Amino acid sequence: MTFAQGRAEKMLTFADIPDPVETPEAIGDLSQEEEGILALCMQAFKQFENAWWVTAKAMANVNARRLYRRTHPTFEAFAQDVFNKSRPLAYEEMAAYPIGELLSARADKAFERDSNDPSARADTPVISKKAAGALNSITKDYGPEVSVAVHETIKDTTGKSVPIKTITGVVQQIPRKREKELTEAEITDLARELVAQQQSVKDSSGQQGEAEKTNGSSKKPALDALRAAVAELESAHGRLAPSKIKKALEEDPDSTAAILAAAKSAADKASKRAEAFLSE
């Protein structure tokens, strides 16, 4: 496919790409302004091939302004043909681009070298598109700034690069805004608590595994069994995400209520048993 390039192109910056504006009424041939925006987007696709957040913003423009109509009947066809991306994947990346913009200290600077060049690696984003995509529900509810705060909280709590699995596990347990609206401080506090719970379970499992490796077999089977039981309780608590409970209630209110009552009864028994021995 050939797109008219016109005169020699300058290196783009992130700010050169306009904000996507929904234009559902756009039909027919592209206007001169639309042709210019499409040319910028196509240049961005080429120039920022490895800067995913720039490409995603350009895709958002093509979709929102219906610029795809110049060559394709639908955005889905455009995304598949130009990027080999499915519609859901394209939408996930478009929703996530504001996070990449905020987290990249160099998002507003042109790539003066090819981004595959090792000397240009400082220009690469500090969050992967998969990680940003995992934060999309928070971005949609509270905006990219809160998603960035959650990402940084998880990173600070773990003290290392954040695995996608960790982000997903935390985000799934943060209630959607329609269920319970939280402040940014409440969200980050909850994220910190959830990460700590994940680490506690992991550390408990790791300590038990190391002890078994060192001793051949555990010399404290009762203690190990208790530790494993508590780890299971913590893990179960982590899986009782409000969003999952809400969906279960929508599917079958009576059965869900019975299950939750059983969970409360089991938790009460465990609590009373622990209190009885701790008070001795």
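Given the structure is predicted, the values throughout are model-derived calculations rather than measurements. (Residues numbered from 1 in each chain as written. Predicted model: local features only at pLDDT ≥ 70, side-chain atom pairs only at ≥ 80, totals over all residues. Heavy atoms only, no water.)

Okay, the environment of W52 next. If you trace the backbone, W52 turns up in helix 2 (residues 52-64). Relative accessible area serves as the criterion here: at 8%, W52 is assigned to the buried category. (Helix = DSSP H or I, 4+ residues; strand = E, 2+ residues; numbered from the N terminus. Buried < 20%, exposed > 50% of the residue type's maximum accessible area, 1.4 Å probe, protein only.)

Orientation of helix 4 (residues 87-103) relative to helix 7 (residues 144-158), taken along the N-to-C sense of each, is 65°, at an axis distance of 9 Å. Relative to helix 7, helix 4 is oriented so that their crossing is right-handed. Within the contact between the two elements, helix 4 uses P98, I99, L102 and L103 and helix 7 uses P144, E145, S147, V148, H151 and E152. (Axes fitted to C-alpha atoms, helices over the stretch in contact; angles between N-to-C directions. Left-handed = near helix turned anticlockwise from the far one by under 90°. Contact = heavy atoms within 4.5 Å.)

What follows covers the confidence of the model for the protein chain. Mean pLDDT over the protein chain stands at 77; residues scoring 70 or higher make up 72%. Highest mean pLDDT in the protein chain belongs to helix 6 (residues 136-142) (93); lowest belongs to helix 10 (residues 221-239) (67). Taken as a whole, residues 1-8 scores under 50 in pLDDT and shows eight contacts with residues more than four places along the chain or in a different chain. Considering only residues more than four positions removed or in separate chains, one finds that residues 105-125, a stretch of pLDDT under 50, has 30 contacts. (pLDDT = per-residue confidence, 0-100.)

We now examine the nonpolar core. Counting 52 residues, the largest nonpolar core has F45, V62 and F75 as the members making the most contacts within it. Sort the elements by how many residues they give to this core and helix 2 lands first, with eight residues. Excluding residues that lie within four positions of it along the chain, V62 makes contacts with L38, C41, F45, L67, Y68, F75 and F78. (Core = buried A, V, L, I, M, F, W, Y, C linked by side-chain atoms within 4.5 Å.)

Below, the discussion takes up the environment of A96. Mapped onto the elements of the fold, A96 is located in helix 4. Given the relative accessible area of 0%, A96 is considered buried. In this structure A96 touches W52, A132, G133 and N136, once residues within four positions along its chain are discounted.

With that settled, consider empty space enclosed by the protein. Per the stated rule, a full pass over the model turns up one cavity of 30 Å³ or more. There is about 40 Å³ of room inside the largest cavity. Taken together, S137, I138, D141, Y142, V171, I174, P175 and R176 form the lining of the largest cavity. Ranked by residue count, the leading element in the lining of the largest cavity is helix 6, at four residues. Of the residues assigned to the lining of the largest cavity, the class counts are five nonpolar, one polar and two charged. (1 Å grid on protein atoms, 1.4 Å probe; cavity = no way out; pocket = protein on both sides within 12 Å on 5 of 7 lines; lining within 4 Å. Points joined across faces, edges and corners; volume = space filled by probe spheres on them. Nonpolar A, V, L, I, M, F, W, Y, C, P; charged D, E, K, R; others polar.)

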